[in-house]
Amino acid sequence: EFTGYRQTTYTQYPLFWILVVAVGLWLVGFLTYIIVSIRIRAYERRRENDAKIITQTMKTFAGMIDAKDPYTKGHSARVSQYAQELGRRMGMSKEEIRNLGYIGLMHDCGKIGVPDNVLTKPAKLSPEERKVIEEHTTRGGYVLENFTAIEGIRDGALYHHERYDGKGYPKGLKGADIPLCARIICVADAYDAMNSDRCYRPRIPREKIVKELDDNAGKQFDPDVVGH
């Protein structure tokens, strides 16, 4: 009497190879995920560090500009904060809000070339002095002409004194022809100017500021921006 046994190996079963391939793919995917995650974290760290450097550089430069007039100390930083808050209320993306912060910091960079005696004059400006002040927008646009890394930063400096009704400067742009970032900076800039002591007048009460913004919506200011 003979008793036989059929000997088989795992490799003879198709399911074995299916499992081998599945495990191999899983390992490859897992290793790829780890590598990509490490690179993403490293990229994010570099990006955060770059953003910190940009912000600190701009704040330093803005501080130099604001220091020309003791009454406007911190003005650019506050405009930056107000602009970002308006961006948040208007439902903008994180990147757009971050860019508004940069634009706010640099919106008055053209004032670096305005003489101190004109910038801090407590009395009414002459037509010639007014023209010198107004030139800070075109000068700021020139300074930032080749700064293309941050979208809208030149527009903010160049057009933040345009009026919604077309009676502003330097180009006399009207309504939606004015870049949105400049319309936002216009409101933020005006709010901080009215909310601060100046060499020619004290701070305006908040109720009057709000009324001034509402009364000039559609004239000096974009009504949609003021509404937020």
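Here the structure is a predicted model, which means the values were calculated and not measured.

A. Fine view of the overall build of the protein. Secondary structure summary: the protein contains nine helices and zero strands in total. Element order for the protein, N to C, with α for helix and β for strand: α-α-α-α-α-α-α-α-α. Against the globule reference of 17 Å for 228 residues, the protein gives a C-alpha radius of gyration of 29 Å, more extended than a compact globule. Looking at the protein as a whole, 35% of its 228 residues are labelled buried. Put simply, 62% of the contacts in the protein that link residues at least 6 apart link residues at least 24 apart.

B. Representation of the pattern of salt bridges within the structure. Tallied over the entire structure, the rule returns 10 salt bridges. Asp192 serves as the salt-bridge partner of Arg78, at 2.5 Å between the closest nitrogen and oxygen. Residue Arg78 is located in helix α2 (residues 75-89), and its partner Asp192 is located in helix α7 (residues 180-194); the two are separated by 114 residues in the primary sequence. Arg163 is the partner of Asp165 in a salt bridge, and the nearest nitrogen-oxygen pair spans 2.9 Å. In the salt-bridge network here, residues are joined through shared partners; they are Glu85, Arg88 and Arg89.

Criteria and thresholds
Residues numbered from 1 in each chain as written. Predicted model: local features only at pLDDT ≥ 70, side-chain atom pairs only at ≥ 80, totals over all residues. Heavy atoms only, no water. Helix = DSSP H or I, 4+ residues; strand = E, 2+ residues; numbered from the N terminus. Rg over C-alpha atoms; globule rule 2.2 N^0.38 Å. Buried < 20%, exposed > 50% of the residue type's maximum accessible area, 1.4 Å probe, protein only. Contact = heavy atoms within 4.5 Å. Salt bridge = Lys/Arg side-chain N within 4 Å of Asp/Glu carboxyl O.

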